[in-house]
There are 2 protein chains.
Amino acid sequence: MKKIEVIQNVLEANEAIASRNRQLLDKHKIFAVNIMSSPGAGKTSLILQTLARLKGKLNIAVIEGDVASTVDAEKVQSEAKAVVQINTRNMPESCSLMAAMIESALKDTPLNNIDLILIENVGNLICPSEFALGEHKRVVISSLPEGDDKPIKYPLIFVDADAVIINKMDFLPHVDFDIAAFRRSIAGLNPKAEVFELSCKTGEGIEKWCSWVLEQIETTIRR
Amino acid sequence: MKKIEVIQNVLEANEAIASRNRQLLDKHKIFAVNIMSSPGAGKTSLILQTLARLKGKLNIAVIEGDVASTVDAEKVQSEAKAVVQINTRNMPESCSLMAAMIESALKDTPLNNIDLILIENVGNLICPSEFALGEHKRVVISSLPEGDDKPIKYPLIFVDADAVIINKMDFLPHVDFDIAAFRRSIAGLNPKAEVFELSCKTGEGIEKWCSWVLEQIETTIRR
């Protein structure tokens, strides 16, 4: 019983900090997106494509979560206004970003000069579903080589997503992935989720995704 | 501080149960392999290929770990001597199998009639590295579409692996994956790990992997 109580406290404490983060973001009219997926599904590639399309229109910061290393932060460094790396290896939860990590990262971010923060969570389909960060929207990426059964096997992360991205569409000829079945699983778990089919490699579908981000900023932050 | 103490207790309790599981397996001369990877890297496919090659030589049971669903257990059911499904969704740790879950699964496994247990862990490159299950060997699968940087970003799971499998070798023409760089990362983290390149789709390299499993059984269990 003791462990469950403690976990409950951690989740409650996380919610309180997430809510403070959200207030800080709203005060600065900054829109924040929490991007989650399995390792290698394309979080960094989506961020790079989004930076390429939107950096002329918005000042964008990136918060990079990883267990170890700074390889992703290095990839986005030249395109973003600001990049903050969080390494979770020695933190109490290494399998997800938590609100306290974002609170600390926001202290290193030039908030007066930013419109959009893209938060790359740790590559994991389980833990990140438990921890709100203060973000405005939650996005989950599934990529074709992972198979179309991920929503059935890892339902919680899909239930709370505002958008689900099917990435690596360029792999369609090489894999056995049933797009309609995947979409049915998402519709069953979370009928309100927007679903995007795209390829960060070829750029196919990126424009539609970026338009959605801009729309969300209009309706959420600039209303 | 309180949380860290509790986690320490959980890990110690897990070690004690893992050690009891190992004794039970050894008593029955059963060899157990803990198979870990990201979601969709090919754990179930590796199990299916291993069953196909070795079921004439060994009696094989499968323990399937998943957050939710029985889709993988259903896939292996017809080929294995016994299949036990563990769903971690409502357990204290949902992001990994733990020794207590295996202890309970072993009660449902016909131990007198089994030579090899293949344990499919939850799809995750972080949490499973913390929890010994009582297994004889730990195997991590990385698949080409995930990218060659996984050992750098999720080092802990690779550090303790006895074998690392590079799966989906049939994707090599379609992805930007540097096999030599991946092997160098593994050699840096864990020079003793065996590395196998294979494709569960085409069957390429499966024989070498299965020979290794047979060798390990000879030297570990039947010595």
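Further up the page is the structure itself.
Quick caveat: nothing in here was measured; it's all calculated off a predicted structure.

Draft legend 1. Examining the relation of the copies chain A and chain B more closely. Superposing chain A onto chain B takes a rotation of 180° combined with a translation of 0.0 Å along the rotation axis, leaving an RMSD of 0.0 Å. What the superposition gives is, in effect, a two-fold axis relating one chain to the other. Both copies present the same face, since 100% of the interface residues in chain A are matched by interface residues at the equivalent positions in chain B.

Draft legend 2. Quick look at empty space enclosed by the protein. A full pass over the atoms with the stated rule returns 2 cavities of 30 Å³ or more. Of the voids in this model, the largest cavity is the one considered here, and its volume is about 70 Å³. What lines the largest cavity is a set of 16 residues, among which Pro39(A), Ser143(A), Glu146(A), Ser143(B) and Glu146(B) lie closest to the centre. Residues that form the lining of the largest cavity fall into these classes: 6 nonpolar, 6 polar and 4 charged. Looking at the second largest cavity, its volume works out to about 50 Å³.

Draft legend 3. Representation of the packing of helix 2 (residues 43-54) of chain B against helix 8 (residues 206-220) of chain B. All names here are of chain B. Following both chains from N to C, one finds helix 2 and helix 8 inclined at 75°, their axes separated by 10 Å at the closest point. Between helix 2 and helix 8, the angle falls in the class roughly perpendicular. Contact residues: Leu46, Gln49, Thr50, Arg53 and Leu54 in helix 2; Ile206, Glu207, Trp209, Cys210, Val213 and Leu214 in helix 8. Classifying every residue of the contact of helix 2 with helix 8 by side-chain character gives 7 nonpolar, 2 polar and 2 charged.

Draft legend 4. Examining unusual backbone geometry more closely. All names here are of chain A. The residue Lys29 is not glycine, and still its phi comes out positive at about 50°. Looking at the element boundaries, Lys29 is found in the loop between helix 1 (2-27) and strand 1 (31-37). Judged by relative accessible area, Lys29 falls into the exposed class, the value being 53%.

Draft legend 5. Up close: helix 2 of chain B. Taking 1.5 Å per residue as the helical rise, helix 2 of chain B with its 12 residues ought to reach 16 Å, and the 16 Å between its terminal C-alpha atoms agrees with that figure. Of all the residues in helix 2 of chain B, the buried ones are Lys43(B), Thr44(B), Leu46(B), Ile47(B), Gln49(B), Thr50(B), Leu51(B) and Leu54(B).

Draft legend 6. Fine view of the pattern of salt bridges. Taken as a whole, this structure holds 20 salt bridges over all chains when the rule is applied. One salt bridge connects Glu135(B) with Arg138(B), and the closest N-O pair in it is separated by 2.5 Å. When salt bridges that share partners are traced, they join Asp72(A), Lys75(A), Asp149(B), Lys150(B) and Lys153(B) into one network.

Draft legend 7. Inspection of the packing of aromatic side chains at higher detail. Residue and element names in this part refer to chain A. Counted under the stated rule, the structure contains 11 aromatic pairs over all chains. With centroids separated by 5.9 Å and ring planes inclined at 80°, the aromatic side chains of Phe196 and Trp209 adopt a geometry described as edge-to-face. Residue Phe196 is found in strand 7 (residues 194-197), and its partner Trp209 is found in helix 8 (residues 206-220); the two are separated by 13 residues along the sequence. The exposure class of Phe196 is buried, given its relative accessible area of 5%. Geometrically, the ring pair formed by Trp209 and Trp212 is stacked, given 5.7 Å between the ring centres and 25° between the ring planes. Of the two residues, Trp209 and Trp212 are both situated in helix 8; the distance of 3 residues between them amounts to about one turn of the helix.

Thresholds, definitions, all that
- Residues numbered from 1 in each chain as written.
- Chains lettered and ligands numbered in written order.
- Predicted model: local features only at pLDDT ≥ 70, side-chain atom pairs only at ≥ 80, totals over all residues.
- Heavy atoms only, no water.
- Least-squares fit on C-alpha atoms with pLDDT ≥ 70 in both.
- Contact = heavy atoms within 4.5 Å.
- 1 Å grid on protein atoms, 1.4 Å probe; cavity = no way out; pocket = protein on both sides within 12 Å on 5 of 7 lines; lining within 4 Å.
- Points joined across faces, edges and corners; volume = space filled by probe spheres on them.
- Nonpolar A, V, L, I, M, F, W, Y, C, P; charged D, E, K, R; others polar.
- Axes fitted to C-alpha atoms, helices over the stretch in contact; angles between N-to-C directions.
- Helix = DSSP H or I, 4+ residues; strand = E, 2+ residues; numbered from the N terminus.
- Parallel < 35°, antiparallel > 145°, perpendicular 65-115°, else oblique.
- Buried < 20%, exposed > 50% of the residue type's maximum accessible area, 1.4 Å probe, protein only.
- Expected span 1.5 Å × (residues − 1).
- Salt bridge = Lys/Arg side-chain N within 4 Å of Asp/Glu carboxyl O.
- Phe/Tyr/Trp six-rings, centres within 6.5 Å; stacked < 30°, edge-to-face > 60°.

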